[in-house]
Amino acid sequence: MNWFYFSSPATFYRLAGAMAPWFFALAAILAGIGLYFGFVVAPTDAQQGEVYRIIFIHVPAAWISMFLYLVMASYGAMSLTFNTRLAAMMARAIAPTGAMFTFVALWTGAFWGRPTWGTYWVWDARITSELVLLFLYLGFIALANAFEDPRRGDRAGAILSLIGVVNLPIIYFSVQWWNTLHQGSSVSLRGTSMHAAMLTGMMVMALAFWMYSIATSLVRVRAVILERERRSAWVRQLR
Amino acid sequence: MSAATHESGAALLAGSFGAGFAWAFARDLTIAWRHPGETLLVVAFFVLVASLFPLGVGAEAQLLERIGPGVIWVCALLAAFLSLPALFASDHADGSLEQMALSPHPMASWVSGKIAAHWATSGLPLAVLSPLLGLQYGLDADTLAVLALALLIGTPVLSLLGAACTALTLGARGGGMLLALLALPLFVPVLIFGAGAAQAQASGLSALPHLSLLGAGLIVAAMSLPIAVCAAVRVALD
């Protein structure tokens, strides 16, 4: 078996097209289960009442926003070290979804902060570093598209994404390093302080967002491949 | 004799980190020295913007004392940012950057020399001037000292981060705005700890944690960012 068979844009284009609907379906099913757990099974919170249920969007979106940046930077590193075109295309395809989830995390956080903290926005470490993450995504998208030669955009974007990786541990550990208004993590490998149904709902929603990210990235990378390879023989045959 | 010439030629061709650093540092400083107007513009901008704030927010002594360190840091950040294009863009435009890349010295050496020269012409004067501006904001002597020290440690990080961003945007469309979008978010941690040091001192706490974090940031940045700048310059020269 040739491990690099699908590292060619031409073959990956077909694979991505075949896989994307499955990931969309998985995302929809998991989101259905997760929302059912979140809105029906999970009990009302003793302190916050019903408003806490935004956690089922907010926390998974924040997790996925950081995770996607890590994946994007890994693809960037792969494209720089192995000089593969497809890795850079994947990094480009992931960035908009990552920016979207970062925005969703900030937006739902504002809506959660209003009833519980009494304010939409505070300048605490976690919120500020998540905002910086949004700017890193936007900077990556802007830089990758700022060059006539797309390969230059690929390389410049990859270097930028690697510099920005410093921000990820800052976001993750911000609630431990600083005395923030944002609460600490309720979930860890050693156990959790949450009700089992709440935890299940959150985990299933995170999986749903993950599957959705894969699906949208695959669809977007197909568009990127078509645009880049428009002059190649195999794309012309598609018409 | 021919052997001696040959040997000195070989020594010239070998290149070294120290020689490359010193050469680039001296070159960029000479250029800055011969265009004093441009260099002083950075300082003038810094002083001018810092003087606008009391006029904008009102000249109450208590308010000025509280916002002083933050305002001065934001001004330093903007001054460092605005002087970034001079770092690589003009050398890239007239082809000197390619000539430097062909020189026998390792790329990291002259890139570091250029970054050091950028700091010496932007960050260093600002750090030296900052006590004067701090006086306008009514900061006390200890806070002034901490502010200047924090600027001394923090502005090299700004030069390093800015150098990486400006090298990435060489030859890109929408240069200035794009550079702002890349560089300013990365400057945020420096701003937080830099301004935090003086604010901690002003409110009677120890500034040491902030200064230590700034110092740690400087070490990490000085170790890693020149590599990123070199990679970015190589991409630009491809």
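Residues numbered from 1 in each chain as written. Chains lettered and ligands numbered in written order. Predicted model: local features only at pLDDT ≥ 70, side-chain atom pairs only at ≥ 80, totals over all residues.

Visitor: Would you explain the overall build of chain B in this entry?
Guide: A count of helices and strands for chain B gives 11 helices and 0 strands. Its helices and strands taken in sequence order, chain B reads α-α-α-α-α-α-α-α-α-α-α from the N to the C terminus. Here the C-alpha coordinates of chain B stretch approximately 75 × 35 × 30 Å along the principal axes. Taken across its 238 residues, chain B has 47% of its residues classed as buried. Looking at chain B alone, contacts between residues at least 24 apart form 80% of all its contacts between residues at least 6 apart. (Helix = DSSP H or I, 4+ residues; strand = E, 2+ residues; numbered from the N terminus. Buried ≥ 20, exposed ≤ 12 C-beta atoms within 10 Å, placed from the backbone. Contact = placed C-beta atoms within 7 Å.)

Visitor: Can you help me understand the environment of leucine 68 of chain A in this one?
Guide: Residues and elements named next belong to chain A. Looking at where leucine 68 falls in the secondary structure, it is placed in helix H2 (residues 55-82). Residues leucine 68 and leucine 106, spaced 38 residues apart in sequence, show a C-alpha to C-alpha distance of 16 Å. Beyond its immediate chain neighbours, meaning those up to four positions away, leucine 68 contacts Ile94, Thr97, Gly98, Phe101 and Ser213.

Visitor: Would you explain the nonpolar core in this entry?
Guide: The tendency in soluble globular proteins is for nonpolar side chains to be buried as a group. Ranked by internal contacts, the top residues of the largest apolar core, which has 143 residues, are Leu161, Ala164 and Ala232 of chain B. Apart from residues lying up to four places away in sequence, alanine 232 of chain B is in contact with Ala156 and Ile159 of chain A together with Ala164, Ala167 and Leu168 of chain B. (Core = buried A, V, L, I, M, F, W, Y, C linked by C-beta atoms within 7 Å.)

Visitor: What is the right way to look at the interface of chain B and chain A in this model?
Guide: Residue-level contacts link 17 residues of chain B with 16 residues of chain A. Elements represented by at least two residues in the side of chain B that touches chain A include exactly helix H9 (141-168), helix H10 (175-202) and helix H11 (208-237) of chain B. At 5 residues, the largest contribution of residues to the side of chain B that touches chain A is made by H10 of chain B. A class-by-class count of the residues in the side of chain B that touches chain A yields 12 nonpolar, 3 polar and 2 charged. (Nonpolar A, V, L, I, M, F, W, Y, C, P; charged D, E, K, R; others polar.)

Visitor: Teacher, can you tell me more about the packing of helix H4 (residues 125-144) of chain A against H10 of chain B here?
Guide: Any two packed helices are characterised by how steeply their axes cross, that is the angle between the axes, and by the distance between the axes. Contact geometry of H4 of chain A with H10 of chain B gives a least axis separation of 9 Å together with a crossing angle of 155 degrees. The angle between H4 of chain A and H10 of chain B falls in the class roughly antiparallel. By crossing handedness, the relation of H4 of chain A to H10 of chain B is classed as left-handed. Together, Thr128, Val132, Phe135, Leu136, Leu138, Gly139, Ala142 and Leu143 of chain A of H4 of chain A and Leu178, Leu181, Leu182, Pro185 and Val188 of chain B of H10 of chain B make up the contact between the two elements. A class-by-class count of the residues in the contact of H4 of chain A with H10 of chain B yields 11 nonpolar, 2 polar and no charged. (Axes fitted to C-alpha atoms, helices over the stretch in contact; angles between N-to-C directions. Parallel < 35°, antiparallel > 145°, perpendicular 65-115°, else oblique. Left-handed = near helix turned anticlockwise from the far one by under 90°.)

Visitor: Would you explain helix H4 (residues 61-82) of chain B in this entry?
Guide: Count 3.6 residues to each turn of an α-helix, and residues three or four apart come out pointing the same way. Residues and elements named next belong to chain B. The terminal C-alpha atoms of H4 lie 30 Å apart, and with 22 residues this matches the ideal 32 Å at 1.5 Å per residue to within 8%. Along H4, the sharpest change in direction is near 50 degrees and occurs at isoleucine 67; proline proline 69 comes one to four residues later. Gly68, Pro69, Val71, Ile72, Trp73, Cys75, Ala76, Leu77, Ala79, Ala80 and Phe81 are the residues of H4 that are buried. Residues of H4 that are buried make contact with helix H3 (36-57), helix H8 (123-136), H9 and H10. (Expected span 1.5 Å × (residues − 1). Bend = angle between axes of the 7 residues up to and from the residue.)

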